[in-house]
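This is what each chain is made of:
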Amino acid sequence: LNRRLAEFGTTIFAEMSALALRTGSINLGQGFPDTDGPEEVREAAVRALRDGRGNQYPPGPGVPELRAAVAAHQHRFYGHLGVAYDPDTEVLVTAGATEAIAASLLALLEPGDEVVALEPYYDSYAACIAMAGGTRVPVTLRPSAEDGTYALDLDELRDAITDRTRLILLNTPHNPTGTVLDRAELTEIARLACERDLLVITDEVYEHLVFEGEHLPLASFPGMRERTVTIGSAGKTFSFTGWKVGWVTASPELVGAVRSAKQFLTYVSAGPFQYAVAEALALPDSYYTGLRDDLRAKRDLLADGLAAAGFRVFRPSGTYFVTTDIRPLGETDGFAFCRALPERAGVVAIPNAVFYDHQDQGAPYVRFAFCKQEKILREAVDRLRAL
Ligand code: PMP
Ligand code: GLN
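Because the structure is a prediction, the values reported are computed rather than measured. (Residues numbered from 1 in each chain as written. Chains lettered and ligands numbered in written order. Predicted model: local features only at pLDDT ≥ 70, side-chain atom pairs only at ≥ 80, totals over all residues.)

**Considering unusual backbone geometry**
Rules: What counts as a helix is a DSSP run of H or I of at least four residues, what counts as a strand is a run of E of at least two, and both are numbered from the N terminus.
Residue Pro173 is bonded to the preceding Thr172 through a cis peptide linkage, with omega at -15 degrees. Going from Asn175 to Pro176, the amide bond is cis rather than trans, its omega being 15 degrees. For Pro176, the location among the structural elements is in the loop between strand S7 (165-171) and helix H8 (183-195). The backbone phi angle of Asp197 is positive, close to 55 degrees, even though this residue is not glycine. Position of Asp197 among the secondary structure elements: in the loop between H8 and strand S8 (199-203).

The following block contains the structure:
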């Protein structure tokens, strides 16, 4: 293994899901739903397979039906903010958001370029920045004392930008903290990006999982359309994480750049699922609001349960994760806590320290996923209350 990758080891998600299987624990670690997405979308995939749509190499940028559906989705949900993309030149289908992140970084970074990213960050960010030869510059989101949420310090963000900064890698709604960046924060990020002439890759895979406030795409802010690569994923919105269908929307120039990298990573993305996701994106508003309302109730169930079990809870405004502080339980080391939890309580969680460069900042925090059936969450809460 080369030096760029050596520090990353095995992803925590694979490790923790294996631990859950081995110990028969409830898996609130890796973020995947325990109920599959809509039946009619599954049927659409079966139909595509049977009818021979996408069984041979689909077009590089993605099948036209899906590119049109992505563009229509962006317009339907964000058109009032001025968002519009041309399906032929401004949409690229990827193998999940993960490939979109990798291809974007590989396409846009020169070796030695700095990437400013919000810490704690999703684990593939650090690895992909490293594979692209870039240097990550973390800006730490900190738990705010008053309101039980995480906050971005805009002064720290400003100070993190240097002459070597090429881009900001943003994530809102934010995994693992559940923070949803608000209009004032995004306005300032956009202003900084324009002032310092930076590109922004914005990972918005949890765009439909917002419980308080609203999701605002960074690309809709003044001056941002031409410098923003926006990333989405069917895994989160339609509960098909195994299909690995994601997409990028950006200017033709940026989409072209990302495509240059994508063509040598996967060449194209799997065909039949693209047709099914095109149908999923056109589901009525009630699907999207239903998903959100269901997850909001589950958030409340798990957040309240964890609080009753003695955790300090950072109630997330978005995503399907809740971050907790384990210090009220007399614990300080999230890694040790998560390793022992299957034996102690039959529950698996993720130590947030894996999402940090500043390990000390992340040590006492632990993340639980709530994209699970209500009865499973109740059982997990019962077990944790008996800790
Ligand atoms: N970005 C974030 C913030 C995520 O939490 C995830 C994962 N689940 C991904 C990207 C990867 O998405 P996908 O499964 O579509 O590759
Ligand atoms: N994004 C999911 C999470 O944060 C997991 C994705 C993965 O396993 N790579 O849990």
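**Let's talk about the site of ligand 2**
Definition in use: Near, as applied to residues and a molecule or strand, means the residue's backbone-placed C-beta atom lies within 6 Å of it. Gly falls in the polar group here, along with every residue not listed as nonpolar (Ala, Val, Leu, Ile, Met, Phe, Trp, Tyr, Cys, Pro) or charged (Asp, Glu, Lys, Arg).
Neighbouring ligand 2 are the residues Thr11, Phe13, Gln30, Gly31 and Asn175. Each residue belonging to the shell around ligand 2 can be placed in one class, and the counts come to one nonpolar, four polar and no charged.

**Describing the UniProt feature "domain: Aminotransferase class I/classII large" (unreviewed entry) in the chain**
Spelled out, the test is: UniProt positions are given in the numbering used here, feature names are shortened, and annotations may be inferred rather than shown by experiment.
Within the UniProt annotation, "domain: Aminotransferase class I/classII large" (unreviewed entry) is assigned to residues 26-384. Between the first and last C-alpha atoms of residues 26-384 the distance is 11 Å; the span itself is 42% helix and 18% strand.

**Quick look at helix H5 (residues 96-108)**
Basically, it comes down to this: How far a helix is expected to stretch is found by multiplying one less than its residue total by 1.5 Å. For the exposure call, what matters is how many other C-beta atoms sit within 10 Å of a residue's own: 20 or more marks it buried, 12 or fewer exposed, and in between partly exposed, using C-beta atoms placed from the backbone.
A rise of 1.5 Å per residue sets the reference length of H5, with its 13 residues, at 18 Å; its end C-alpha atoms lie 19 Å apart and thus fit the reference within 8%. Taken across its 13 residues, H5 has eleven buried, putting it largely inside the fold. Within H5 the residues assigned to the buried category are Gly96, Ala97, Glu99, Ala100, Ile101, Ala102, Ala103, Ser104, Leu105, Leu106 and Leu108.

**Regarding the site of ligand 1**
Around ligand 1, a shell composed of 13 residues is seen, among which Gly96, Ala97, Thr98, Asn175 and Ser233 lie nearest. For the shell around ligand 1, a count of residues per class yields three nonpolar, nine polar and one charged.

**Quick look at the pairing of strand S4 (residues 135-140)**
For clarity, the threshold we go by: Should DSSP find at least two bridges between two strands, the strands are regarded as paired. Seen with its strands pointing away from the viewer, a crossover is right-handed if its path from the first strand over the helix to the second goes clockwise.
Judged from the six bridges that link them, strand S3 (residues 114-119) and S4 form a sheet pairing that is parallel. Directly across from Val116, in S4, lies its bridge partner Val137. You can see the chain leave S3, run along helix H6 (residues 123-131) and come back into S4, and the turn it takes is right-handed.

**Digging into the sheet that holds S7**
Here is the rule we go by: All axes are obtained by fitting lines to C-alpha atoms, using only the stretch in contact for helices, and the reported angles, taken between N-to-C directions, cover 0 to 180 degrees. Two residues qualify as being in contact provided that their C-beta atoms, derived from the backbone, are within 7 Å of each other.
Within the open sheet, the seven strands sit side by side as S2-S10-S9-S8-S7-S3-S4. Their pairing is mixed. Lying at the two open borders of the sheet, with one neighbouring strand each, are strand S2 (91-95) and S4. Between one strand axis and the next, the sheet turns through 25 degrees on average, direction left out of account. Here S7 runs beside S8; their pairing, made up of five bridges, is parallel. Considered in S8, the bridge of Leu167 is made with Leu199. Sheet strands in contact with helix H4 (residues 64-78) are S2 and strand S10 (245-249), and its direction is about 110 degrees off that of S2. Against the sheet, helix H10 (residues 252-265) makes contact with S2, strand S9 (228-233) and S10, and its axis sits at roughly 25 degrees relative to S2, the strand it touches most.

**What about the sheet that holds strand S15 (residues 365-369)?**
Taken in spatial order, the four strands line up as S11-S12-S15-S14 in an open sheet, and their pairing is antiparallel. A strand with exactly one partner marks an edge of an open sheet, and here the two such strands are strand S11 (312-314) and strand S14 (350-351). The sheet contact formed by strand S12 (residues 321-325) and S15 spans five bridges and is antiparallel. Across the sheet, Phe321 pairs through a bridge with Ala369, a residue of S15.

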